[in-house]
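These are the residues of each chain, in order.
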Amino acid sequence: MLSRPGLPSFDYVRVSDRNEALLLLKEHGEAARLLMGGTDLFVRMRDGLICPRTVVDVKHLPVMRSIAYDEQAGLTVGAAATMNQVACHPDVQGHYPLLAEAAESVASYQLRNRATLGGNLCNGSPAADTAPAALVLGGRIVLYGPGPSTGPSVVRREDQGQRTGSEQSGEREVPVDGFFLGPGQTAIEAGELMTAIRFPIPPADAVGRYLKLGRNKAGDLAIAGVAVYGFPDSAAASGYRFRIGLASVAPVPLRAWDAEKVLAENAPGEETFALAAQKTLEAASPIDDVRASAAYREAMVRNLTLRGLRDVWARLGV
Amino acid sequence: MATHTITVTVNGSQEHLMVPSNMTLLQMLREKMALTGTKNGCEAGECGACTVLVDGEPVNSCMMLAVEVDGRAVTTVEGLAHGGRLSPLQEAFAEHNAVQCGFCTPGVLISAHALLERNPHPTEEEIRAALVGNLCRCTGYLRIIQAVQTAAEHSTLSLSREGST
């Protein structure tokens, strides 16, 4: 086996607040990289894909780590909360078990002690295991930035925290649906820091399932990942609303909107599920890669969707 | 490139070290402290040969910077035995011949030790799940799993013996 080179040279800075991180991002631009779990950052640095001069450690900041649930506001997960912290948190397990299931599907136990929810999302990987759950749970990405943004869907708010930098520092929120722009590309603008992911209160009696297919049973990246989320909704013709989120089968993680429409309009059952699974397949645009062929991914996304729908439907207790 | 002065407790002993920014925890242990029980495998967080405990939780030491353990406690495989006596888990590995080339063993021991700390009576499925991040390329996993089961049973026996006295 070829030995990998060690990490290239860089300066490590452990910041004392968010604004110090913003100042470093402004000063160094592309040459600065934020460090949370480092499980992707260090791999890319060793592979020579990126070579930052400054690594800015933000994961220890309390705002980046906390997981808090509020009966009105819902769940706020700090971007640097680790996968194990997310998966084991009683409020996540109690109110958002789908998110816990997705977090637990990532890599290995020891890697989940380092890998973070924010890192998984902000890398913009099409295969991000937590993305389908974040999509169907209606997650919103909290971005902390230096000033008013010109981007769309901007709700920048006055920051209540300590401020040492620009007077205009503040937060904006971007829905997870719309956050992913392409492989490795997200709605994060230059100079911004992702601080948290917010999830609204889940609909009553909602049930979710994340089905991940890897080359082996655990520890691998997804060949295909499908999150199915269902709940009773009297406003839907079928009496139920389903949401379907997909990973690893398109340039970005995405919702299967046409399939969701089928499920809202037709009585739940095998016939409807088969049609919805076909619509889900049509929403996917997979590629051939080292893990699987596009054709196999297409077959699997349909099967995983079917299994997910049957499982969620059975657990809706009808 | 900056160097950092850190204070870290390694296997119970406090150390003051100068580490460059880009030194990994794995490099610090092996190259600065000569604790070569922790192995350098894939350097990508896949194989688990470099697994150590940081504040009691297993991590891949190839994926963590030395400067990040400032103020924290690290346990390596060298820290599992006490007073020249192997831990019950290590004894169970010897008993079951759960070692062939031994390269993966330090990481496996650390992951299994952490599992038994958080879950003293794991099912076989839970043992397998806890060891997903530790790859063995020669002896296979069955004896490793049997050794962890034996260690869990022994800890139950010793606990019940303590309880009865």
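Below, the discussion takes up the overall build of chain B. Scanning chain B from N- to C-terminus turns up five helices and five strands. In summary, chain B has a C-alpha radius of gyration of 16 Å against a globular reference of 15 Å for 165 residues, a match within 12%. By residue count, 44% of the 165 residues in chain B fall in the buried class. Sequence-distant contacts in chain B: of pairs separated by 6 or more residues, those separated by 24 or more amount to 58%.

All names here are of chain A. Two elements in contact, helix α10 (residues 257-265) and helix α11 (residues 270-283), have axes whose closest approach is 7 Å; the angle formed by their N-to-C orientations is 165°. By the angle between their directions, the pair α10 and α11 is classed as roughly antiparallel. Pair α10 / α11 crosses with right-handed handedness. Side by side, α10 and α11 meet where D258, A259, V262 and L263 of the first sit next to T272, L275, A276, K279, T280, E282 and A283 of the second. Class assignment of the residues belonging to the contact of α10 with α11 gives a composition of six nonpolar, two polar and three charged.

A word on the sheet that holds strand β1 (residues 11-14) of chain A. Residue and element names in this part refer to chain A. Reading across from one edge, β1-β3-β2 is the order of the three strands in this open sheet, with parallel pairing throughout. Sheet topology places β1 and β2 (32-35) at the edges, where each strand pairs with a single neighbour. Adjacent strand axes in the sheet meet at a mean angle of 25° when their direction is disregarded.

Residue and element names in this part refer to chain B. By domain assignment, chain B separates into domain 1 (3-79) and domain 2 (88-164). Taking only C-alpha atoms into account, the centre of domain 1 sits 22 Å from that of domain 2. Domain 1 puts 14 residues into the contact, and the matching count from domain 2 is 12 residues. Residue assignment for the side of domain 1 that touches domain 2 shows that the elements contributing at least two residues are β3 (51-54) and β4 (57-60). Residue contributions to the side of domain 1 that touches domain 2 peak at three residues, all from β3. Residues that form the side of domain 1 that touches domain 2 fall into these classes: seven nonpolar, five polar and two charged.

Attention shifts here to the interface of chain B and chain A. Between chain B and chain A, the contact holds 25 residues from the first and 22 residues from the second. Every element with two or more residues in the side of chain B that touches chain A is listed here: β4 and α4 (124-130) of chain B. Of all the elements, β4 of chain B adds the most residues to the side of chain B that touches chain A, at four residues. Its residues assigned to classes, the side of chain B that touches chain A shows 12 nonpolar, 11 polar and two charged.

Here we come to α11 of chain A. For α11 of chain A, built from 14 residues, the straight-helix expectation of 20 Å at 1.5 Å per residue is met to within 8% by its first-to-last C-alpha distance of 20 Å. Looking at the packing, one finds that the buried side of α11 of chain A touches β14 (240-247), α10 and α12 (294-315) of chain A.

A separate point is the pairing of strand β11 (residues 193-199) of chain A. It is a general feature of regular strands that their side chains alternate between the two faces of the sheet. Residue and element names in this part refer to chain A. When you tally the buried positions in β11, you get six out of seven residues, the bulk of the element. The sheet contact formed by strand β5 (residues 74-78) and β11 spans four bridges and is antiparallel. Bridge pairing links V77 to I197 in β11. With five bridges joining them, strand β6 (residues 140-145) and β11 adopt antiparallel strand pairing. Looking across to β11, one finds that R140 is bridged to R198.

Below, the discussion takes up the sheet that holds strand β15 (residues 254-255) of chain A. All names here are of chain A. Reading across the sheet, the four strands line up as β12-β13-β14-β15 and stay open at both edges, with antiparallel pairing between neighbours. Among the strands making up the open sheet, the edge pair consists of β12 (207-213) and β15. Pairing of strand β13 (residues 224-232) with β14, which is carried by eight bridges, proceeds in the antiparallel orientation. What sits directly across from P232, in β14, is Y240. Sitting on the sheet, helix α6 (residues 97-104) touches β12 and β13, and the angle it makes with β12 is about 15°.

Rules used in this analysis
Residues numbered from 1 in each chain as written. Chains lettered and ligands numbered in written order. Predicted model: local features only at pLDDT ≥ 70, side-chain atom pairs only at ≥ 80, totals over all residues. Helix = DSSP H or I, 4+ residues; strand = E, 2+ residues; numbered from the N terminus. Rg over C-alpha atoms; globule rule 2.2 N^0.38 Å. Buried ≥ 20, exposed ≤ 12 C-beta atoms within 10 Å, placed from the backbone. Contact = placed C-beta atoms within 7 Å. Axes fitted to C-alpha atoms, helices over the stretch in contact; angles between N-to-C directions. Parallel < 35°, antiparallel > 145°, perpendicular 65-115°, else oblique. Left-handed = near helix turned anticlockwise from the far one by under 90°. Nonpolar A, V, L, I, M, F, W, Y, C, P; charged D, E, K, R; others polar. Pairing = 2+ DSSP bridges. Domains from an automatic or database assignment. Expected span 1.5 Å × (residues − 1).

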